[in-house]
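# Observations on chain architecture
Residues per chain, in single letters:
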Amino acid sequence: MVPVLMGLFVALVIVTLPWFKGYLPLPPQKAPLLSLETPVRSTAWLLEHSPPGRLFHHMSYGSYLIWAAPGRYQVFVDPRVELYSPEIWQEYEVLSRGGPGWERLVKKWGVRTMMLDTAQQNGLVKAALASGKWVEVARFGGTVLMEERHSKDEEDGGG
């Protein structure tokens, strides 16, 4: 019995390797090696333009950022939920919703660039644009990149 269970376990591990992902019964947007939701083009834009300040992003983008841009951006959160305190997750939720206090949290964390999922973080997208302090700089599928708008004094070096 044990050899059968071990064989089944090994088979399951092998089947879940990335090379076999296309053969699994997954929804079409999840079937390719990189799902359609993976922020490939958005991350390439970040690497090309190197916007200043800390990046706030959707949780699901964190793992890809760690892999595709190691050391370039401090990941705000990622799907490894156990690594972050409940307070961080609460603040992440407030930010993602664009809820009361979101601007204070942006300032607290030094966020100057946001890479947002337009479906799941639409509240923040709307709140940021409505504030007049953020501008959309790029959009790729369901991901929008926004940067903090600088005042004329800051651009001139005045402060």
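Attention here is on the structure that accompanies the text. On a predicted model such as this, the values are computed, not experimentally measured, just so you know.

This next bit is on the packing of aromatic side chains. Evaluation of the coordinates by the stated rule reveals six aromatic pairs. Here Phe-56 and Tyr-92 contribute two aromatic rings whose centre-to-centre distance is 5.6 Å and whose plane-to-plane angle is 40°, an arrangement assigned as tilted. Of the two residues, Phe-56 is situated in strand E1 (residues 54–57) and Tyr-92 in helix H4 (residues 86–97); the sequence distance between them amounts to 36 residues. The exposure class assigned to Phe-56 is buried, which follows from its relative accessible area of 1%. Classification of Tyr-92 by relative accessible area gives buried; the value is 4%. Between Phe-76 and Trp-109, the ring centres sit 5.3 Å apart and the planes meet at 75°, which makes this aromatic pair edge-to-face. In this pair, Phe-76 sits in the loop between helix H3 (62–68) and H4 while Trp-109 sits in helix H5 (residues 102–109), placing the two residues 33 residues apart along the sequence.

One finds Leu-46, Phe-56, Trp-102, Met-114, Leu-116 and Trp-134 to be the most contacted residues of the largest nonpolar core, which totals 34 residues. Sorting the residues of this core by element identifies helix H2 (40–49), E1, H4, H5, strand E2 (111–117), helix H6 (122–131), strand E3 (134–140) and strand E4 (143–148) as the ones contributing at least two each.

Walk down a regular strand and you will see the side chains alternate between the two sheet faces. Across six bridges, the pairing between E3 and E4 is antiparallel. Its bridge partner lying in E4, Glu-136 is registered against Met-146. Hairpin connection, E3 to E4: the antiparallel pair is bridged by two residues, and Gly-141 has positive phi, about 60°.

Right, let's talk about H4 for a bit. The end-to-end C-alpha separation of H4 is 17 Å, in line with the 16 Å expected for twelve residues at 1.5 Å each. Restricting attention to buried positions, one finds in H4 the residues Ile-88, Trp-89, Glu-91, Tyr-92, Val-94, Leu-95 and Ser-96. As for H4, its buried residues are in contact with E1, H5 and H6. Following H4 by one or two positions, Gly-98 has its phi on the positive side, about 70°.

Here the focus is the packing of H4 against H5. With their axes 9 Å apart at the nearest point, H4 and H5 run at an angle of 125° to one another. Relative to H5, the element H4 is oriented oblique. For the pair H4 and H5, the sense of crossing is left-handed. When H4 is examined against H5, the residues Ile-88, Glu-91, Val-94 and Leu-95 are found in contact with a partner set consisting of Trp-102, Leu-105, Val-106, Lys-108 and Trp-109.

The rules behind these values
Residues numbered from 1 in each chain as written. Predicted model: local features only at pLDDT ≥ 70, side-chain atom pairs only at ≥ 80, totals over all residues. Heavy atoms only, no water. Phe/Tyr/Trp six-rings, centres within 6.5 Å; stacked < 30°, edge-to-face > 60°. Helix = DSSP H or I, 4+ residues; strand = E, 2+ residues; numbered from the N terminus. Buried < 20%, exposed > 50% of the residue type's maximum accessible area, 1.4 Å probe, protein only. Core = buried A, V, L, I, M, F, W, Y, C linked by side-chain atoms within 4.5 Å. Pairing = 2+ DSSP bridges. Expected span 1.5 Å × (residues − 1). Contact = heavy atoms within 4.5 Å. Axes fitted to C-alpha atoms, helices over the stretch in contact; angles between N-to-C directions. Parallel < 35°, antiparallel > 145°, perpendicular 65-115°, else oblique. Left-handed = near helix turned anticlockwise from the far one by under 90°.

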